[in-house]
Amino acid sequence: MQSNPTIRNIAIIAHVDHGKTTLVDAMIHQSGLMRRGDKVSERLLDNMDLERERGITIAAKNCAITWKNIKINIIDTPGHADFGGEVERALSMADGALLLVDASEGPLPQTRFVLEKALSAKLPVIVAINKIDRQDARPKQVLDEIYDLFIDLEAGEDQLDFPYLYAVGRDGIAKTELESEGQNLHPLLDMILKHIPAPVHDPGAPFQMLVSDLGYSDFLGRLAVGKVANGQIKNNDSLVCISENNTRIPLKVSQLQTYESVSLVQVKSAEPGDIIVLSGIENVRIGDTICTQAHPRALKRIRVDEPTVAMRFTINSSPLAGREGEYVQSRKIRDRLLKETLRNVAIEVEQTDNRELFIVKGRGEFQMAILLETMRREGFELSVGRPEVIYKYKNGQKLEPLEELFVDCDEPFIGVVTEKLSGRKGRLTQMTNHGSGRVRMSFSVPSRALIGYRDEFLTDTKGTGIMNSRFAGYEPFRGDFSNRFTGSIISDRQGVAVAYALFNLEPRGQLFIRPGQPVYKGMVFGEHNRSLDITANPCKEKKLTNIRASGRDENIILAPVKPMTLERALNFIREDELVEVTPASIRLRKALLDENDRKRAEKRKT
């Protein structure tokens, strides 16, 4: 085997909000690729609207810098557990990893997940303890916790001897000694060249590339992204794509591109180890191998962890259907979902006997919410059911997915958090108190216990609590429990909501709509204080008489209505309810709009 010393491929992995994208920004600026006077926005790689709005990385992205005449391909990976599939495919292009850990929070669930993936892939790891300028930073203790994590994950002796440094990504500073004065990121860039190995290849082997990502260009069509495993490639080469079932599809490269900073540049040829983008390739999926027609040989496919959550996607069948969305047909929804499976290896779509109903499987409800938000912004209109965990059966025993839940909250909230989670079949496994007034607890909880709990957790901790979770495997079913102790307030007719009616319904519970909004029979427009569902008339107006009042009527002042978000809607609904998603609105409804139909269905259950 032979190495290519002119290239380094490194993936940046971390828990959400530990500063990956900000650090990449600083690396791009200090590499000299940005000219003076260039207008550069923050978080260069967060190019999706949802990423900028939420401040998180959703999809893995590539960029490249040059340092001391060596090209460094950087892969920025998501930090949220629901997008773990992005991490797995990104690591297939890397020869090493940079693990970023917050100097205050230390290793968190996603830190463990991504590090475990990197160690299992035998990648060398550089550790950067970031945000050492925080007032509550504890870099030395965090370094010990990182060593403990490596040992817990059974890292090899060479992996345990990892190089590390301290950083302030926001200021573009890295240093090898905590007491020294940092000036720039040069120590980090030098460490990458020294400790991340150059990509290796077989000098006598023909061209091979594993497709790790897909893109689309209005001018070039489908784009295939991957690392050149062996051989060289040139424009207009005749190649073949080997799919999962070993089908060979002939293709021809119309354009060859590589990364330079955050942009793509056209090149005539590419060397082994470089990350390239091939244009003019159709019918290709992530995990396929692109190679020469003369020597077709497939590489090992990308395998990701199986999904744990499923949701029902169907057409919008409410009386308001088709008014706000551009794409409402089941065929359009199906094509869009199948397109998502091409780009996201962690998403699976199953067709049911009902042509208008699809089962979508993924890693978590947050991943589903992001998919729905993306679709509604594209003009789709549809209805979705409550997220449900995927059970397994082994030797006649029912198994359910479990999560390792980490909670960071103030001491006064220990009781309410423990009580709520134990009621959801959670078990406290560890508690740590650093004497700072905040406590860290870890729980073993069923995945279904976390659906609908996040908003409740923030309310219980007055918005100061932090919770993170990671998939911990399957265990025997722990028993049933109630997810919601409140009912729904359901409209008994179609019309427009009236302030007078809503004012009189406010004592019954929390309302989701404002005066002037359209409602229909079977639509859920509020949360009932009690556990039973009730039907009500939100369109009722005040009766007028010919008797004049001595004074003018009192002004009706309604309580503020909290905007309905997709995450809140998915967490709220029960099994017999749906979320109606359109580009302009998010509404809740019963699956069966007619009250008599709901009563008959309830009788059949009993």
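The coordinates are above.
A few points on the structure. (Residues numbered from 1 in each chain as written. Predicted model: local features only at pLDDT ≥ 70, side-chain atom pairs only at ≥ 80, totals over all residues. Heavy atoms only, no water.)

1. What about the packing of aromatic side chains?
- On inspection of all chains with the given rule, the structure shows nine aromatic pairs.
- Ring pairing ties together the aromatic residues Tyr 147, Phe 150, Phe 162, Tyr 164 and Tyr 166, which thus form one cluster.
- In this structure, Lys 392 packs its charged tip against the face of Tyr 474, placed 4.6 Å from the ring centre.
- Geometry around Phe 477 places Lys 398 over its ring, the cationic atom sitting 4.3 Å from the centre. (Phe/Tyr/Trp six-rings, centres within 6.5 Å; stacked < 30°, edge-to-face > 60°. Lys NZ or Arg CZ within 6 Å of the ring centre and 35° of its normal.)

2. Quick notes on helix H9 (residues 365-377)
- The first and last C-alpha atoms of H9 sit 18 Å apart over 13 residues, in line with the 18 Å expected at 1.5 Å per residue.
- With 11 of 13 residues buried, H9 is to be regarded as a mostly interior element.
- Taken as a whole, H9 has its buried residues at Glu 365, Phe 366, Gln 367, Met 368, Ala 369, Ile 370, Leu 371, Leu 372, Glu 373, Met 375 and Arg 376.
- Just past H9, the residue Gly 379 takes up positive phi, approximately 105°. (Helix = DSSP H or I, 4+ residues; strand = E, 2+ residues; numbered from the N terminus. Expected span 1.5 Å × (residues − 1). Buried < 20%, exposed > 50% of the residue type's maximum accessible area, 1.4 Å probe, protein only.)

3. With respect to the sheet that holds strand S15 (residues 255-260)
- With respect to topology, eight strands assemble into an open sheet ordered S14-S13-S19-S10-S11-S18-S15-S16, the strand pairing being antiparallel. This sheet does not close on itself; its edge strands, each paired only once, are strand S14 (248-252) and strand S16 (263-266). Geometrically, the sheet is characterised by an average inter-axis angle of 40° between neighbouring strands, direction not taken into account.
- For S15 and S16, the ladder comprises four bridges, and the chain directions are antiparallel. The residue of S16 that forms the bridge with Tyr 259 is Leu 264. (Pairing = 2+ DSSP bridges. Axes fitted to C-alpha atoms, helices over the stretch in contact; angles between N-to-C directions.)

4. Comments concerning the pattern of salt bridges
- A full pass over the atoms with the stated rule returns 36 salt bridges.
- Across the pair Asp 152 and Arg 112 runs a salt bridge, and its minimum N-O distance is 2.6 Å. In this pair, Asp 152 sits in helix H5 (residues 139-152) while Arg 112 sits in helix H4 (residues 109-120), placing the two residues 40 residues apart along the sequence.
- We classify Asp 152 as partly exposed; its relative accessible area is 46%.
- Residue classification places Arg 112 among the buried residues on the basis of a relative accessible area of 19%.
- The salt bridge involving Asp 171 is made with Arg 170; its shortest N-O contact spans 3.7 Å.
- Among the residues examined, Asp 171 registers a relative accessible area of 46% and is labelled partly exposed.
- It is possible to trace a salt-bridge network through shared partners that takes in Asp 533, Arg 574, Asp 576, Glu 577 and Lys 590. (Salt bridge = Lys/Arg side-chain N within 4 Å of Asp/Glu carboxyl O.)

5. Comments concerning the pairing of strand S11 (residues 221-230)
- Most of S11 is tucked away, with 10 of its 10 residues classed as buried.
- Strand direction decides the pairing type here: strand S10 (residues 208-217) and S11, joined by nine bridges, are antiparallel. Directly across from Asp 213, in S11, lies its bridge partner Val 225.
- Direction of pairing for S11 relative to strand S18 (residues 275-279): antiparallel, over a ladder of five bridges. Bridge pairing in S18 links Ala 224 to Leu 278.

On their own, these measurements won't tell you what the molecule is for.
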